[in-house]
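Notes for the structure review
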Amino acid sequence: TDEIMQQEIRPLVAVDIIEQLHRQFAILSGGRGKDGAPIITFPEFAGFSDIPDEDFLNVVTYLTSIPSLEAASIGFIIIIDRRRDKWSTVKASLTRIAGAFPGNLQLVFVLRPSRFIQRTIADIGIKLYRDDFKMKVPIIMLNSVSDLHGYIDKSQLTRELGGTLEYGHSQWIHHRTAIENFAMTVKTTAQMLQTFGTDLAETELPNDVQCTEELLSAHTDHHSKLKDELKLAVKQGATLLTCIREPVTRSANSKLSPDELENVATVERLLAQLDETEKAFDQFWTKHHLKLEQCLQLRHFEHDFREVKLALDNLMEAQAGFADIGDSVTRVEHLLREQKQLEEKGQEPLEKAQSLALHGEQLIQNNHYAVDSIRPKCVELRRICDDFTNETKKKYDILGKSLELHKQLDKASQWCEAGIYLLASQAVDKCQSQEGAETALVEIEKFLVTAKEHQLSNPKEFYNQFDMILTPEIKANAQRILQKLEDVQEMFDKRQVSLKKLAAKQTRPVQPVAPHPESSPKRASPKITRPAGVVYPSSSDNTLACDPNSASNSRWISHIAARVYSQNLDVTCVTSIHIINELIETERVYVEELQSIIEGYASEMDNPSLVHLIPSALQNKKEILFGNLPEIYEFHNRHVETGEIENCIENPELLARCFLKRKEDLQIYEKYCQNKPRSEALWRQCGDSIFFQECQRKLDHKLSLDAYLLKPVQRITKYQLLLKEMLKCSKNSEGTAELEEALATMLDIIKSVNDSMHQIAITGYEGDVSELGKLLMQGSFNVWTDHKKGHNKVKDLARFKPMQRHLFLYTKILLFCKKREENTDGHEKTASYSFKNSLKMSTVGITENVKGDSKKFEIWYNGREEVYIIQASSVELKNTWISEIRKVLTGQLEACR
């Protein structure tokens, strides 16, 4: 059953029964009956009866399947050639054919045995057994081939049957095999193409370039292989067609049999089928290949888009980072260069973006399937390019405006610099004459004409012009420069007023005042003139300052110009620099003076050649005369050499820190001042000696040593004056708090020095003053006493007769002394303080207000057993003392807790 089903599923082909066909017991010669019926011939075959039924059935079935349906429907003509056989063979053949022939029969021709006896038997047998053969068609018994020719034309019969039909069995088998192979090839090829087409239709398009390229390459290779298969199949069909037509090609008189014509038709039909399949496949492949190529184009486009988009995003991010519009001409020019570099850097990605957008539009014009994906990307690329271009133009416009703004501000600032320089460079001595004053006025008037160059005369118009770029910082800078313009204009106005006064009347020239002692050519003078060139805002008069032609002042004027030029300094800052410069110059002179004292006097006391000139009262008393002057010199000399104060010219706010850092070091002045009375006493004894006269001559000093020994006392008081001046021009600015702290420190040092000078003059106190704690306050007061246990007269007298007492307030004790003054050989009086009484601070109390006098307060002892009524010279002094006493008492209370 399986075999039968297999046969039904797959028709027999020549190759399946090739051996049976070669036995040639049945042939399909290609001949036709008069009505076109196919002829199947059963030639004489000795072992016909021995052929297995299956082989017979297969061959007969195969032969009946070859003619066309049209020919087969007419019915087959069977010719059984048994001329050399017996009746039994004929009978057996008819019986087998009748029982197994699968086709539609029309006629059966039997060439009966040629021998007489067999022919007779056949005639009888056919009559007797006709019904047994079960054939519904006539069986015609023929005696010879000539009888056969009466039914079938010779041209349709092979030579064996007396006909002219050319038939070669081997060639027929070869053609049949070739045709069937070709048909199988066509079928297989069509199936391969269909399978490939299905695979292509079901293929999902990749999402990246590499996979798309690989898929396109794989499909193209597969397509090429299938095309080669098609070419081979077509070539095979053409060759087969040529082989079938070969007889006709060889001889013009030859004609193809109907079967051969059908073979030709079959091959042509297969070739046509191949051609149609190839066309359909090519059409499908063209669409698929186009889609794959478009997919690859899309993936390339998307890949390039991502790269270009990333580059553009980075470019836009870099551009967004250029938010700065500059705060100076140099900065703006630098930003313009950076913007230019960014623009140049952006050319390549911008060109790529434009090119990619153009490419995308070309894809759209070429009917790309992914228009909805490509078009938004093209729009995005062009938008970013336009954004960058527009933003770049906007940046250039803003930076151009900023450059113009800062150039105008610079011009205005430079005008101020030039104005300050002009004012600083006008020499005072030349301006004292009428001609000099008029010349200076002309210079100022010429300079004021140039004010138009800075173009800031109309602030409102200026603000309107640059409103789009006026950040708070730039606006503040513009306002500062506008203020500076006003300040400089005011300086010129004051100078003009002063010069006009000088020009209006001839004034006596200002005579320079000689400094303390005039210095020798070898040394700097003890005191120098103040640098010129600045009209102080705090000055009440409008006169010019001192000579600007001195070396120090020339340096100062140059420095002012440089500082104004580089940092746009205002008038107050110029004043600050002047104060610092004065401090530097005077400090240098002070150090040189100290050096001259030490080298010219102190060191000479050890000079063997001068020892004989030293008075006996001075022997071994150098430390008393000079105190710790060498220590003071070393400190200041080191300070000058480091150049720390010079650094404050660049940053005036650092000056206060210099003083605060040296707070402890400056305590050396207290020791010097405490020794000063002993030094002065020794000088009064020995000041007239030949030794000092010789030293003074060598130094070429106009003044004697005692004038120079006073220098440290004068110097320590000078610092607080300079700090006060600095504070005046530094109010509400950076470093003000530190300046105030530095001033307070210097005042505290001066107070400490002053207090210590009084303390060393205390006499009659049996204890050690150094054990009383820090000296907080000292001063003279009117004092009344009130003793509960004393005589009433004492109490009454205390109310009317005050005692003059000098009080010393220490952290541990309060001393009451009486001030005494003594005359010493024509010199000024020296004060001393005679000890009278003391109160321990741990046992006292205070009453801050006394009825009837706001300047009085009370200090009482042992629960008011002793009361001291103290009257200060002012309410302020009283409040200061009460504050200090309260601090002491509060500190003691906290210590007890």
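Notes on the structure follow.

Parameters at a glance
Residues numbered from 1 in each chain as written. Predicted model: local features only at pLDDT ≥ 70, side-chain atom pairs only at ≥ 80, totals over all residues. Heavy atoms only, no water. Helix = DSSP H or I, 4+ residues; strand = E, 2+ residues; numbered from the N terminus. Buried < 20%, exposed > 50% of the residue type's maximum accessible area, 1.4 Å probe, protein only. Contact = heavy atoms within 4.5 Å. Axes fitted to C-alpha atoms, helices over the stretch in contact; angles between N-to-C directions. Parallel < 35°, antiparallel > 145°, perpendicular 65-115°, else oblique. Left-handed = near helix turned anticlockwise from the far one by under 90°. Pairing = 2+ DSSP bridges. Phe/Tyr/Trp six-rings, centres within 6.5 Å; stacked < 30°, edge-to-face > 60°. Lys NZ or Arg CZ within 6 Å of the ring centre and 35° of its normal. Polar contact = N/O pair within 3.5 Å; in protein donor to acceptor, adjacent residues only side chain to side chain. Nonpolar A, V, L, I, M, F, W, Y, C, P; charged D, E, K, R; others polar. Salt bridge = Lys/Arg side-chain N within 4 Å of Asp/Glu carboxyl O.

**A look at the environment of Leu356**
Its place among the elements puts Leu356 in helix H12 (residues 329-365). With relative accessibility at 6%, the residue Leu356 sits in the buried group. Separated by 51 residues in the primary sequence, Leu356 and Phe305 have C-alpha atoms spaced 7.3 Å apart. Residues in contact with Leu356, not counting those within four places in the same chain, are Phe301, Asp304, Phe305, Val308 and Leu381.

**A look at the packing of helix H8 (residues 169-202) against helix H9 (residues 209-244)**
In the contact formed by H8 and H9, the axes pass within 10 Å of each other and the chain directions differ by 160 degrees. One finds that H8 runs roughly antiparallel with respect to H9. Between H8 and H9 lies a crossing of left-handed hand. In contact with His175, Ala178, Ile179, Asn181, Phe182, Thr185, Thr189, Met192, Leu193, Phe196 and Leu200 of H8, H9 contributes His219, His222, His223, Leu226, Glu229, Leu230, Ala233, Gln236, Gly237, Leu240, Cys243 and Ile244.

**Considerations on the pairing of strand S4 (residues 105-111)**
In terms of residue burial, S4 counts as a mostly covered element, since six of its seven residues are buried. Examined bridge by bridge, strand S3 (residues 76-81) and S4 share six bridges and lie parallel to one another. Bridge pairing in S4 links Ile79 to Phe109. Both S4 and strand S5 (residues 139-142) contribute to a ladder of four bridges, which runs parallel.

**Comments concerning the sheet that holds strand S1 (residues 27-32)**
Ordered in space as S1-S2-S3-S4-S5, the five strands form an open sheet in which the pairing is mixed. Looking along the sheet, the strands with just one partner apiece sit at the ends: S1 and S5. Taking the axes of each pair of neighbouring strands and ignoring which way they run, one obtains an average angle of 25 degrees across the sheet.

**Observations concerning the packing of aromatic side chains**
One pass over the full model with this rule turns up 22 aromatic pairs. A network of ring pairs unites the aromatic residues Phe25, Phe42, Phe45, Phe48 and Phe56 as a single cluster. Above the plane of the ring of Tyr369 lies Lys291, whose end atom (NZ or CZ) is 5.5 Å from the centre. The side chain of Lys856 reaches across the aromatic face of Trp784, ending 4.3 Å from its centre.

**Looking at unusual backbone geometry**
Glycine aside, residues mostly have negative phi, and peptide bonds are mostly found in the trans state. Positive phi, normally seen in glycine, also occurs at Gln24, with a value near 60 degrees. Looking at where Gln24 falls in the secondary structure, it is placed in the loop between helix H2 (18-23) and S1. For Gln24, a relative accessible area of 31% gives the class partly exposed. With phi around 60 degrees, Asn367 is a residue other than glycine that occupies positive phi space.

**A few points about the side chain of His701**
Checked against the element boundaries, His701 lands in the loop between helix H25 (690-699) and helix H26 (705-709). Owing to a relative accessible area of 10%, His701 belongs among the buried residues under this scheme. Side-chain polar atoms of His701 contact the side chain of Tyr708, separated by 3.5 Å. Contact partners of His701, with chain neighbours within four places excluded, come to Ser596, Gln696 and Tyr708.

**Let's talk about the pairing of strand S8 (residues 803-810)**
Burial analysis of S8 places six of its eight residues in the buried class, which makes it a mostly covered element. Two elements, strand S7 (residues 775-787) and S8, share eight bridges in a ladder whose sense is antiparallel. Bridge assignment links Asn782 to a residue of S8, and that residue is Gln804.

**A word on the environment of Lys801**
Position of Lys801 relative to the elements: it lies in the loop between helix H29 (792-800) and S8. It is 9.7 Å that separates the C-alpha atoms of Lys801 and Thr785, two residues lying 16 residues apart in sequence.

**Some words on the packing of helix H24 (residues 668-686) against helix H27 (residues 711-728)**
Where H24 contacts H27, the axes come no closer than 10 Å and their chain directions differ by 140 degrees. The angle between H24 and H27 places the two elements in the oblique class. Like other packed secondary-structure pairs, H24 and H27 cross with a definite hand, here left-handed. Contacts between H24 and H27 involve Tyr669, Tyr672, Cys673 and Lys676 from the first element and Pro712, Val713, Arg715 and Ile716 from the second. Of the residues assigned to the contact of H24 with H27, the class counts are six nonpolar, no polar and two charged.

**With respect to the environment of Lys86**
Mapped onto the fold, Lys86 is located in the loop between S3 and helix H5 (87-100). Sequence separation between Lys86 and Pro113 is 27 residues, and the spatial gap between their C-alpha atoms is 6.0 Å.

**Concerning the pattern of salt bridges**
According to the stated counting rule, one finds 35 salt bridges in the structure shown. For Lys227, the salt bridge identified is with Asp282, shortest N-O distance 3.0 Å. Here Lys227, found in helix H9, pairs with Asp282, found in helix H11 (residues 258-320); they are 55 residues apart in sequence, far enough to count as distant. A salt bridge links Glu268 to Arg245, with the nearest nitrogen and oxygen atoms 2.2 Å apart. Note that Glu268 is positioned in helix H11 and Arg245 in the loop between H9 and helix H10 (246-250), a separation of 23 residues in sequence. On the basis of relative accessible area, Arg245 is assigned to the partly exposed category, the value being 34%. The structure contains a network of salt bridges with shared partners spanning Lys227, Glu278 and Asp282.

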